[in-house]
Amino acid sequence: MPAKKQPLSFGRRSTTQEPAQKGTEATYSGIGGSRGITIGECYTFVKEESKHEVRELTDKNIIDEIERFLAALDRSEHELKKIELITIRKLGKSYSNLFQAQIMMLHDPILIDTITNRIRSERKGAHLVIAEEFDHYLQNFKNSDSLIFQDRADDLLDIKNRIIRNLNIRKLHSWIPEGVIVSSDNLSPADIILLSRSNVKGFVTDSGGKTSHICLICKSLNIPIVVGLGNLSEKVSTGTPMIIDGGTGTVITYPQEKTVARYTRKKEQAKKTEDNTSLTAELPATTKCGVRINFYANIDFKEEVHAITAAGGEGVGLFRSENLFTEGTKVPRESEQYDYYREMAEAIAPMPLDIRLFDIGGDKLIYSPVKEPNPNLGWRGVRILIDLPEILEAQLRAVIRANIHGNIDILIPMIISVDEIRHVRTIINKNYAELSTETDSQVRKPRVGAMIEVPAAVELIDEISKCVDFISIGTNDLTQYTLAVDRNNVIIQDLFEKFHPAIIRQLHRVISVARKNHCRTMICGDMGSDQLALPFLLGCGLRKFSVVVSDIPKLKSLVSRYSLYETEALAEECISLDTSAAVKACLEKFQAAH
């Protein structure tokens with residue numbers, strides 16, 4: 001039976017119709033965005049580029065051009081509403097919010113006025129003005145120090161291209177065969193939703209990051225995806241045999257028979273492991289000696305909440321609230337935040353929800369009239385919140401109002417002094433007192449936690465852990481600031497070493513001191529998901545982990561292999577070592593023995 005084809009209205013068929021000639025096996029490394037192994041044939045998906053005449057407009061043309069722009073907004077909205085309905089059918093209402101946000105941007109009066117005024121004053125075609133306006137924001141997103149903002153760039157690019165394409169009334173169509181691995185330079189959430197109707201086996205893209213919307217959607221659809229592959233789309237063509245491993249971020253083209261056999265076995269073993277861990281996921285995680293260990297989830301969007309319980313998670317250990325900014329540059333209103341936080345808190349109650357206050361920075365688009373020479377060491381985190389009290393107060397009021405179940409706590413980012421903590425506490429107390437008398441519903445004061453992510457906080461851990469209700473260790477930034485290595489700088493990426501003796505000793509010190517002060521301690525950085533680091537962290541005294549949802553079942557199953565007296569001896573040995581290689585060798589030896 002011939003492959004069923006689905007019509008799509010946003011691209012064109014690959015120009016390569018025949019299967020590519022057999023080539024030499026080649027391996028490419030990207031970023032695993034959604035776990036899973038798939039073996040099949042590539043289909044190169046190329047976005048259609050609209051062609052527009054470049055000319056200076058006459059008075060009559062200006063009116064026509066503005067009308068053409070407004071009509072393009074209407075057609076774009078119509079498309080997005082159709083995609084939203086498909087999304088609701090496939091995934092429920094949660095992810096449809098992504099397209100609601102894009103629709104809201106199409107109605108943004110500032111955006112509309114800016115573009116229409118520029119068409120009128122500069123006598124430029126709508127496609128040029130739209131491109132220039134969106135490219136300004138896209139460049140800021142791509143240059144951002146925040147991986148979250150970098151990952152949102154593809155979403156903005158989709159809106160830009162959709163509007164420009166819809167300046168032409170002619171509808172574009174495409175067909176894609178079923179059961180292929182789709183390769184493209186970039187894909188939007190809309191692309192993923194529409195292409196998934198053809199039973200796509202997997203996706204590979206040149207751009208994108210682990211926290212991008214397309215990765216989150218693929219996780220929900222259980223479709224493997226590898227992103228950030230550079231220019232792979234230029235090296236493959238329709239029909240290229242391919243293996244993708246969404247767990248490791250590996251893509252193999254023209255795999256040899258023995259490679260196919262190896263990945264087939266790996267896929268079968270992963271299925272068995274997944275079946276076994278899913279059976280124990282909902283059971284409490286307990287060490288061999290009977291000590292209870294808790295696992296929570298790091299999330300970026302409320303759409304991820306539904307997956308936490310199924311994975312065996314016990315709540316949200318880190319919600320990155322700055323994602324509420326990423327559909328535009330405006331500060332989210334208190335009412336918008338309240339609705340968002342309350343929906344999440346009610347969805348997981350009585351389990352905890354730890355909301356990190358806006359971790360926005362000098363190059364993250366918001367309140368950044370001047371590009372900072374070194375934004376990593378600049379105006380970011382709690383520094384902005386203190387300098388802009390209207391943002392801080394609105395967020396704290398929204399959190400307090402949403403905390404009707406008493407399960408919301410807050411985390412303060414980038415703490416370097418106890419004065420910062422006291423400042424935030426003062427504002428919480430003031431707003432709590434006001435809201436207690438203003439609102440009919442009972443509100444509860446959130447507990448206050450501090451992010452430990454700079455060496456100054458490590459030095460002050462005794463004072464900080466007495467000043468807060470809990471701490472959460474952000475190992476990614478802590479490693480960056482301790483080693484003076486930008487974690488996004490590929491030139492010195494090899495120096496970003498989480499098992500560096502300085503990092504190992506800092507973690508041991510922070511956890512030990514906080515426990516001595518009876519301060520709840522959690523880790524929320526990537527190190528918490530590292531299976532090699534797990535016994536070391538247990539040996540330091542850590543009992544609470546906040547990790548990527550998909551990592552929870554495996555980590556819970558590993559905990560039962562270890563006795564604390566063994567892990568404590570391991571931790572003591574590790575902090576005595578003087579090189580990263582020695583630390584890793586020690587951890588690998590321990591892992592092999594268990």
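In what follows, the structure referred to is the one given above.
In what follows, the accompanying structure is described. (Residues numbered from 1 in each chain as written. Predicted model: local features only at pLDDT ≥ 70, side-chain atom pairs only at ≥ 80, totals over all residues. Heavy atoms only, no water.)

1. Quick notes on the pattern of salt bridges
- Inspection of every chain in the model, using the stated rule, returns 34 salt bridges.
- With a closest N to O distance of 3.5 Å, E334 and R397 form a salt bridge. Of the two residues, E334 sits in helix 10 (residues 334–348) while R397 sits in helix 12 (residues 389–402), which places them 63 residues apart along the sequence.
- With relative accessibility at 21%, the residue E334 sits in the partly exposed group.
- Judged by relative accessible area, R397 falls into the buried class, the value being 15%.
- Here the residues in one salt-bridge network are E334, E393, R397, R401, K430 and E434, joined through shared partners. (Salt bridge = Lys/Arg side-chain N within 4 Å of Asp/Glu carboxyl O. Helix = DSSP H or I, 4+ residues; strand = E, 2+ residues; numbered from the N terminus. Buried < 20%, exposed > 50% of the residue type's maximum accessible area, 1.4 Å probe, protein only.)

2. What about the side chain of Q395?
- Considering the arrangement of structural elements, one finds Q395 in helix 12.
- The exposure class of Q395 is buried, given its relative accessible area of 0%.
- Leave out the neighbours within four places in its chain, and Q395 touches S321, Q337, Y341, I355, R356, L357 and F358. (Contact = heavy atoms within 4.5 Å.)

3. What to know about the nonpolar core
- With 155 residues, the main nonpolar core has F203, Y341, I464 and F545 as its most contacted residues.
- With 9 residues, the single largest contributor to this core is helix 1 (residues 59–91).
- In contact with Y341, not counting residues within four places along its chain, are F319, S321, L324, L353, I355, F358, Q395, A398, V399, A402 and I408.
- In this structure, L229, V236, M242 and I244 belong to the second largest nonpolar core, which totals 10 residues. (Core = buried A, V, L, I, M, F, W, Y, C linked by side-chain atoms within 4.5 Å.)

4. As for the packing of helix 16 (residues 475–483) against helix 17 (residues 501–516)
- Between helix 16 and helix 17, the least distance of the axes is 10 Å, while the angle of their chain directions is 125 degrees. Accordingly, the angle class assigned to the pair helix 16 and helix 17 is oblique. Handedness of the crossing formed by helix 16 with helix 17: right-handed. In this structure, helix 16 contributes T475, L478, T479, T482 and L483 to the contact, and helix 17 contributes A502, I503, Q506 and L507. (Axes fitted to C-alpha atoms, helices over the stretch in contact; angles between N-to-C directions. Parallel < 35°, antiparallel > 145°, perpendicular 65-115°, else oblique. Left-handed = near helix turned anticlockwise from the far one by under 90°.)

5. Regarding the pairing of strand 19 (residues 544–548)
- Burial analysis of strand 19 places 4 of its 5 residues in the buried class, the great majority of the element.
- Inspection of the sheet shows strand 12 (residues 292–299) paired to strand 19 by 5 bridges, in the parallel sense. The residue bridging N298 from the neighbouring strand is V548, located in strand 19. (Pairing = 2+ DSSP bridges.)

6. Quick look at the packing of aromatic side chains
- Applying the stated criterion across every chain yields a total of 3 aromatic pairs.
- With 5.2 Å between their ring centres and 20 degrees between their planes, F295 and F545 make a pair best called stacked. Highlighted residues: F295 in strand 12 and F545 in strand 19, separated in sequence by 250 residues.
- Look at F295 and you get buried, because its relative accessible area is 0%.
- Assessed through its relative accessible area of 0%, F545 is described here as buried.
- When the centroid spacing of 5.7 Å and the interplanar angle of 40 degrees are considered together, the rings of Y562 and F590 count as tilted. With Y562 in the loop between helix 19 (552–559) and helix 20 (564–574) and F590 in helix 21 (residues 580–593), this pair connects stretches of sequence that are 28 residues apart. Here Y562 matches F590 in class, with each residue buried. (Phe/Tyr/Trp six-rings, centres within 6.5 Å; stacked < 30°, edge-to-face > 60°.)

7. Digging into helix 3 (residues 109–122)
- In this model helix 3 runs 19 Å from its N-terminal to its C-terminal C-alpha over 14 residues, within 8% of the 20 Å that 1.5 Å per residue would give.
- Its side-chain oxygen placed 3.0 Å from the backbone nitrogen of I110, D108 serves as the N-cap of helix 3.
- One or two steps after helix 3, the chain reaches R123, where phi turns positive at roughly 55 degrees. (Expected span 1.5 Å × (residues − 1). Polar contact = N/O pair within 3.5 Å; in protein donor to acceptor, adjacent residues only side chain to side chain.)

8. Quick notes on the packing of helix 1 against helix 3
- Contact geometry for helix 1 and helix 3: axes closest at 9 Å, N-to-C directions at 155 degrees. It follows that helix 1 is roughly antiparallel to helix 3 by the angle criterion. Every pair of crossing elements has a handedness; the one defined by helix 1 and helix 3 is right-handed. Contact with helix 1, carried on its side by I62, E65, I66, F69, L70 and L73, involves I112, I115, T116, I119 and R120 of helix 3 and no other residues of that element.

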